[in-house]
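Understanding the architecture of this molecule
The primary structure of each chain is shown beneath.
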Amino acid sequence: MNLQTRIQQHFAASIETKQQALAVLQEPILAAATLVFDTVQHGGKILSCGNGGSAGDAQHFSSEMLNRFEQERRGLPAIALTTDTSTLTSIANDYSYERVFSRQIEALGRKGDVLLAISTSGNSTNVNRAIDAAHECGMQVIALSGKAGGSMKALLQAGDVELRVPADSTARIQETHLLLIHCICDLVDQMLLTQG
Ligand SMILES: O=C(CO)[C@@H](O)[C@H](O)[C@H](O)[C@H](O)COP(=O)(O)O
Ligand SMILES: [Zn+2]
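In this text the structure is predicted, and so the values were computed from the model without any measurement.

Turning our attention to the UniProt feature "binding site: substrate" (unreviewed entry) in the protein chain. What UniProt calls "binding site: substrate" (unreviewed entry) maps, in this numbering, to Asn51, Gly52, Gly53, Glu64, Asn93, Asp94, Ser119, Thr120, Ser121, Ser124 and Gln174. In summary, the annotated positions, distributed over 124 residues, remain apart in three dimensions as well, the widest C-alpha pair reaching 32.1 Å. Tracing the backbone shows glycine 53 in helix α2 (residues 53-66). Judged by the 17 C-beta atoms lying within 10 Å of it, glycine 53 is partly exposed.

Moving on, we come to the site of ligand 1. Surveying the vicinity of ligand 1 reveals 13 residues, the closest of which are Gly52, Gly53, Ser119, Thr120 and Ser121. Among the secondary structure elements, those contributing two or more residues to the shell around ligand 1 are α2 and α7 (170-195). Among the elements that line the shell around ligand 1, the one with the most residues is α7, at 3 residues. Partitioning the shell around ligand 1 into residue classes produces 2 nonpolar, 11 polar and no charged.

Right, let's get into the environment of isoleucine 131. By the secondary structure assignment, isoleucine 131 is in helix α5 (residues 125-136). In the structure, isoleucine 131 is positioned 12 residues away from alanine 143 in sequence and 8.8 Å away in space, judged by C-alpha atoms. Once you skip the residues sitting within four places of it in the chain, isoleucine 131 turns out to touch Leu115, Ala117, Val141, Met152 and Leu155.

Here the protein chain averages 97 in pLDDT, while 100% of its residues score no lower than 70. Looking at the elements of the protein chain, mean pLDDT is at its lowest for α7, recorded as 97, and at its highest for strand β3 (residues 114-118), recorded as 99. Interface confidence for the predicted complex, given as ipTM, is 0.98, next to a pTM of 0.98.

Below, the discussion takes up the pairing of strand β5 (residues 161-165). Most of β5 sits inside the fold, with 4 of its 5 residues counted as buried. Pairing analysis gives 5 bridges linking strand β4 (residues 140-146) to β5, with the strands arranged parallel. Bridging across to β5, isoleucine 142 finds its partner in valine 161.

What follows is about the environment of glycine 109. The topology assignment puts glycine 109 in the loop between α4 (102-108) and β3. Between the C-alpha atoms of glycine 109 and cysteine 49, which are 60 residues apart in sequence, the distance is 13 Å. Excluding its chain neighbours within four sequence positions, the residues that come into contact with glycine 109 are Leu47, Ala133, Ala134, Cys137 and Met139.

With that out of the way, let us pick up the UniProt feature "binding site: Zn(2+)" (unreviewed entry) in the protein chain. According to UniProt, the positions carrying the feature "binding site: Zn(2+)" (unreviewed entry) are His60, Glu64, Gln174 and His182. Along the polypeptide, glutamate 64 turns up in helix α2. Taking the C-beta count within 10 Å as the criterion, glutamate 64 has 20 such neighbours and is therefore assigned buried. When sequence neighbours within four positions are dropped, the list of residues in contact with glutamate 64 reads Phe69 and Cys185. Locating glutamine 174 in the fold gives a position in helix α7. Not counting the four nearest positions on each side in its chain, glutamine 174 is found in contact with Gly53, Ser54, Asp57 and Thr120.

Bringing the sheet that holds β5 into the picture now. A sheet is described by the order of its strands in space; here 5 strands give the open sequence β2-β1-β3-β4-β5, paired in parallel fashion. Strands with a single pairing partner mark the edges of an open sheet, and in this sheet they are β2 (78-80) and β5. Across the sheet, the mean angle from the axis of one strand to that of its neighbour is 15°, orientation sign disregarded. Examined bridge by bridge, strand β1 (residues 46-49) and β3 share 4 bridges and lie parallel to one another. What sits directly across from leucine 47, in β3, is leucine 115. Each of β1, β3 and β4 touches α5; the most contacted strand, β3, lies at about 165° to it. Sheet strands touched by α7: β3, β4 and β5. Its angle to β5, the strand with the most contacts, is close to 140°.

Thresholds applied
- Residues numbered from 1 in each chain as written.
- Chains lettered and ligands numbered in written order.
- Predicted model: local features only at pLDDT ≥ 70, side-chain atom pairs only at ≥ 80, totals over all residues.
- UniProt positions renumbered as here; feature names shortened; annotations may be inferred.
- Helix = DSSP H or I, 4+ residues; strand = E, 2+ residues; numbered from the N terminus.
- Buried ≥ 20, exposed ≤ 12 C-beta atoms within 10 Å, placed from the backbone.
- Near = placed C-beta within 6 Å.
- Nonpolar A, V, L, I, M, F, W, Y, C, P; charged D, E, K, R; others polar.
- Contact = placed C-beta atoms within 7 Å.
- pLDDT = per-residue confidence, 0-100.
- Pairing = 2+ DSSP bridges.
- Axes fitted to C-alpha atoms, helices over the stretch in contact; angles between N-to-C directions.

And the structure:
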């Protein structure tokens, strides 16, 4: 296949995935942004986690909270659980890779905080254990997922928000996750400007 054609196909598929996501995710995006806004307004923080590209997304989100997105505003409390290699390697070494996020939540999570859990498949055990640990602490969860929702779907409880991208390609889901993250950051900025 002509390589130019492949480029065109990637763009077309990404645009189509985002259009399909818009058709089903407007309400949950608003719910997620409202949960983030209410959490920081009440003194809570957002913990975020994911593997691979989703680890990058978790950090992308926390940096836009801690520093800024597009508006001048105060920094907002957020911690990506993917960044401290000493902590990550010691938990993986002493316990298991499955506990790298949940053990941090046991130490840092408080009732009224929120976990942003990111997995395109919904089947990453360390992310799913983080969801269980968050619930144990009385935290609510915003789950960014895709495909059929994986085993993550069944772990979610009332009060959680599931943003499941209706696609099967990991790359297309990740590209849409970043758009969802930017929507949430923008809506939180708007809420802070009008109510904060
Ligand atoms: O970025 C990519 C693929 O685009 C990869 O690094 C990908 O994130 C990794 O394979 C992850 O381990 C996949 O995990 P998940 O999305 O199924 O939870
Ligand atoms: Zn990727």
